[in-house]
Amino acid sequence: MKIIRIAVLTCFAASASAWAEDDIPALWKAKCESCHGADGKAQTKQGKKHKVDDMTNEKWQANWTDDKIKKIIREGSKDKKEMKAFPADKVSDSELDGLVKHIRSFKG
Ligand code: HEC
């Protein structure tokens, strides 16, 4: 009996572990969507409250280069504490690249 119980518990732990690596939409949903919205328009309660920019805007896309996007995700915003830093233990390098691509997909 004891062995079965351990097996069941182990199973649970494995399935409860975070999203599969590089599942960017899931990552966006879990860590970014509450402020930036599912579509990047920031039409959420938090997004409106903090006047977060609309990422689908063409000017926004032109102004925010890949490097700038990566920098603010890694370091956070100096002006608004809501946009906190996501260091490598929160967002891996490959996830960071994926997030940039995800943000580009909001364009247009
Ligand atoms: C609690 C709210 C919140 C969460 C969660 C959040 N952000 Fe932000 N984000 C902001 C705010 C507010 C700004 C505007 C910062 C400023 O004006 O300096 C911002 C700015 C940005 C910017 C710079 C572009 C701009 O319009 O200012 C990028 C890129 C960005 N966020 C990406 C992300 C990503 C990727 C995630 C998830 C890993 C995330 N954010 C999670 C609130 C949030």
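Residues numbered from 1 in each chain as written. Predicted model: local features only at pLDDT ≥ 70, side-chain atom pairs only at ≥ 80, totals over all residues. Heavy atoms only, no water.

(A) Seen up close, the coordination of the iron atom of the ligand. Protein ligation of the iron atom of the ligand involves His36 (NE2) and Met83 (SD), the donor distances falling in the range 2.0 to 2.1 Å. The coordination sphere of the iron atom of the ligand comprises 6 donor atoms, whose angles at the metal cover 88 to 179°; the geometry is octahedral. Taken as a pair, His36 in helix α3 (residues 33-36) and Met83 in the loop between α6 (66-75) and α7 (93-104) lie far apart in primary sequence, 47 residues in all. Since its relative accessible area comes to 22%, Met83 is described here as partly exposed. (Donors = N, O, S within 2.8 Å, 3.2 Å for Na, K, Ca; no water. Tetrahedral: all angles 85-135°; square planar, octahedral: opposite > 155°, others 65-115°. Helix = DSSP H or I, 4+ residues; strand = E, 2+ residues; numbered from the N terminus. Buried < 20%, exposed > 50% of the residue type's maximum accessible area, 1.4 Å probe, protein only.)

(B) Inspection of the pattern of salt bridges at higher detail. For the structure shown, the criterion picks out 5 salt bridges. A salt bridge links Asp66 to Arg104; its shortest N-O distance comes to 2.7 Å. Here Asp66, found in helix α6, pairs with Arg104, found in helix α7; they are 38 residues apart in sequence, far enough to count as distant. Judged by relative accessible area, Arg104 falls into the partly exposed class, the value being 24%. Here Asp93 and Arg74 are joined by a salt bridge, their closest N and O atoms 2.9 Å apart. Separated by 19 residues along the polypeptide, Asp93 in helix α7 and Arg74 in helix α6 bring together distant segments of the chain. When its relative accessible area of 54% is taken as the criterion, Asp93 is described as exposed. (Salt bridge = Lys/Arg side-chain N within 4 Å of Asp/Glu carboxyl O.)

(C) Here's a closer look at the packing of aromatic side chains. Under the counting rule described, the total for this entry stands at 2 aromatic pairs. Note on Trp60 and Trp64: the rings are 5.8 Å apart at their centroids and 20° apart in plane angle, and the pair reads as stacked. The buried category is assigned to Trp60, whose relative accessible area is 11%. Lys68 extends its terminal NZ or CZ atom over the ring of Trp64, reaching a point 5.1 Å from the ring centre. (Phe/Tyr/Trp six-rings, centres within 6.5 Å; stacked < 30°, edge-to-face > 60°. Lys NZ or Arg CZ within 6 Å of the ring centre and 35° of its normal.)

(D) Structural context of the packing of α6 against α7. It is the contact of α6 with α7, at a shortest axis distance of 10 Å, that shows an interaxial angle of 125°. Here α6 lies oblique to α7, going by the angle between them. Considering only the axes of α6 and α7, their crossing is right-handed. Between α6, through Asp66, Ile69, Lys70, Ile73 and Arg74, and α7, the contact on the second element is made entirely by Asp93, Leu96, Asp97, Leu99, Val100, Ile103 and Arg104. Taken together, the residues of the contact of α6 with α7 break down into 6 nonpolar, no polar and 6 charged. (Axes fitted to C-alpha atoms, helices over the stretch in contact; angles between N-to-C directions. Parallel < 35°, antiparallel > 145°, perpendicular 65-115°, else oblique. Left-handed = near helix turned anticlockwise from the far one by under 90°. Contact = heavy atoms within 4.5 Å. Nonpolar A, V, L, I, M, F, W, Y, C, P; charged D, E, K, R; others polar.)

(E) Focus on the environment of Lys101. Structurally, Lys101 can be placed in helix α7. Taking the C-alpha atoms as reference, Lys101 lies 8.9 Å from Asp66; in sequence the two are 35 residues apart.

(F) Structural view of helix α2 (residues 24-31). Taken residue by residue, α2 has Ile24, Leu27 and Trp28 as its buried positions. Each buried residue of α2 sits inside an arc of 100° when the element is viewed along its axis, so together they form one side. Counted as exposed and oriented over 90 degrees from the buried face of α2: Pro25, Lys29 and Ala30. Tucked inside the fold, the buried residues of α2 contact α3 and α7. (Arc of directions from axis to C-beta.)

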